[in-house]
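Structure assessment
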Amino acid sequence: MSMAVIGLITGMALGFAGYFGGFGAFLLVAALGAVGFVAGRFADGDLEPSSFFRPGRGDERRR
């Protein structure tokens, strides 16, 4: 599925949530969408869990 179609579906889901459920539902759908996106990237192998827990480059310069 192309990124344009995924963006279209996401936008429609957020629009429906905002219209029918209000701003709280909009935020909930957006947050769960972000969690689903990260989980999907893990499943595809594009992200490694260690990338979230190792120190960044800014920490190396301070030592």
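So, here is what we can say about the structure in this document. (Residues numbered from 1 in each chain as written. Predicted model: local features only at pLDDT ≥ 70, side-chain atom pairs only at ≥ 80, totals over all residues. Heavy atoms only, no water.)

Structural notes on the packing of aromatic side chains
Threshold: We call Phe, Tyr and Trp rings a pair once their centres come within 6.5 Å, taking the six-membered ring for Trp, and we label the pair stacked below 30 degrees between planes, edge-to-face above 60, and tilted otherwise. For helices the rule is a DSSP run of H or I covering at least 4 residues; for strands it is a run of E covering at least 2, with both sets numbered from the N terminus onward. Burial classes follow relative accessibility: with a 1.4 Å probe on protein chains only, a residue under 20% of its type's maximum area counts as buried, one over 50% as exposed, and anything between as partly exposed.
Considering all chains together, one arrives at three aromatic pairs under this definition. Here F16 and F20 contribute two aromatic rings whose centre-to-centre distance is 6.0 Å and whose plane-to-plane angle is 10°, an arrangement assigned as stacked. In this pair, F16 and F20 both sit in helix 1 (residues 3-44), four residues apart, roughly one turn of the helix. Judged by relative accessible area, F16 falls into the partly exposed class, the value being 49%. Ring geometry for Y19 versus F20: centroids 4.9 Å apart, planes at 85°, classification edge-to-face. Residues Y19 and F20 agree in their burial class; the two are exposed.

Quick notes on helix 1
For clarity, the threshold we go by: Each residue after the first adds 1.5 Å to the expected span of a helix. Note that the bend at a residue is defined as the angle between axes fitted to the seven residues ending at it and the seven residues starting at it.
End to end, helix 1 covers just 15 Å across 42 residues, shorter than the expected 62 Å (1.5 Å per residue, more than 12% under). Residue G21 marks the point of greatest curvature in helix 1, where the axis turns by about 145°. A positive phi of about 90° marks G45, the residue just after helix 1.

Digging into a nonpolar patch on the surface
The condition is simple: Patches here are clusters of residues that have more than 30% relative accessible area and form no salt bridge, with a 9 Å joining cutoff for like charges and a 5 Å cutoff for nonpolar side chains (Val, Leu, Ile, Met, Phe, Trp, Tyr). Accessible areas in this description were obtained via Shrake-Rupley with a 1.4 Å probe; residue shielding takes into account the shown protein chains only. Whenever a carboxyl oxygen of Asp or Glu lies within 4 Å of a side-chain nitrogen of Lys or Arg, that contact is scored as a salt bridge.
A cluster of nonpolar side chains, contributed by M1, M3, V5, I6 and I9, occupies part of the molecular surface with about 530 Å² of accessible area. Inspection of the secondary structure puts V5 in helix 1. Judged by relative accessible area, which is 35%, V5 ranks as partly exposed.

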